[in-house]
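Below, each chain spelled out in residue letters.
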Amino acid sequence: MDMNEIKNLPDRIPTETLISMFQNVLDQFRNNKIPKNIFLLMLSQLTDRQVMTYELLRSDIRNDIDRTLSKLWNTDSYDEVDIILSIVVNLGLEICFNKIKESLEQYKDIDTSILDEIQETIDEVGENISNPYDSLEKFK
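In this text the structure is predicted, and so the values were computed from the model without any measurement. (Residues numbered from 1 in each chain as written. Predicted model: local features only at pLDDT ≥ 70, side-chain atom pairs only at ≥ 80, totals over all residues. Heavy atoms only, no water.)

Draft legend 1. Quick peek at the packing of aromatic side chains. For the coordinates displayed, the defined rule picks out one aromatic pair. Both rings, one in Phe 29 and one in Phe 39, keep their centres 4.1 Å apart while their planes meet at 15°; by these two values the pair is stacked. With Phe 29 in helix 2 (residues 15–30) and Phe 39 in helix 3 (residues 36–51), the pair connects residues that are ten residues apart, well separated along the chain. (Phe/Tyr/Trp six-rings, centres within 6.5 Å; stacked < 30°, edge-to-face > 60°. Helix = DSSP H or I, 4+ residues; strand = E, 2+ residues; numbered from the N terminus.)

Spelled out as structure tokens, the structure:
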């Protein structure tokens, strides 16, 4: 699976297919078959499709992504921060979200635009990171 295949996917994909695709991308990254920037872009594209299912990603895959992104988190690149924040919020990744909040304590070392992006995301999400569909559930 490569980036072009993922970009050309339809907006809506069956949940089981998405799970398999997420796992495939994680495996490719772990086996050094794709670089970090492509990994993040692929995860972002798959996350966009996952959001369209209106359900949480299976917990084992979500936890795997959460741990992986936590290890990759750094505040040196605005683009990486932006992509990771989007994935974290849309998949409800608690471990990485907590690591992101902790990074604010190092604010003197973070570029202002990156700091603003992180703070804005934290303010929008509040404490309810684990279920990105929480606000929609009241409409059921």
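The discussion continues.
Draft legend 2. Structural detail: helix 3. Compared with the 22 Å implied by 1.5 Å per residue over 16 residues, the 22 Å span of helix 3 between its first and last C-alpha is a close match. Along helix 3, the residues that are buried comprise Phe 39, Leu 40, Met 42, Leu 43, Ser 44, Gln 45, Leu 46, Thr 47, Arg 49 and Gln 50. Elements in contact with the buried residues of helix 3: helix 1 (3–7), helix 2, helix 4 (59–72) and helix 5 (78–91). (Expected span 1.5 Å × (residues − 1). Buried < 20%, exposed > 50% of the residue type's maximum accessible area, 1.4 Å probe, protein only. Contact = heavy atoms within 4.5 Å.)

Draft legend 3. Molecular detail of the side chain of Thr 47. Along the chain, Thr 47 falls in helix 3. With a relative accessible area of 1%, Thr 47 lands in the buried category. With sequence-adjacent residues up to four places away left out, Thr 47 is seen in contact with Phe 22, Ile 87, Asn 90 and Leu 91.

Draft legend 4. Examining the pattern of salt bridges more closely. Throughout the structure, instances matching the rule amount to four salt bridges. With its nearest N and O atoms 3.6 Å apart, the salt bridge here joins Arg 30 to Asp 27. Note that Arg 30 and Asp 27 are positioned in helix 2 at a spacing of three residues, about one turn of the helix. In this structure, the salt-bridge partner of Glu 80 is Lys 36, at a minimum N-O distance of 3.1 Å. Residue Glu 80 is located in helix 5, and its partner Lys 36 is located in helix 3; the two are separated by 44 residues in the primary sequence. Salt bridges here are not isolated pairs; linked through shared partners, they connect Asp 27, Arg 30 and Asp 64. (Salt bridge = Lys/Arg side-chain N within 4 Å of Asp/Glu carboxyl O.)

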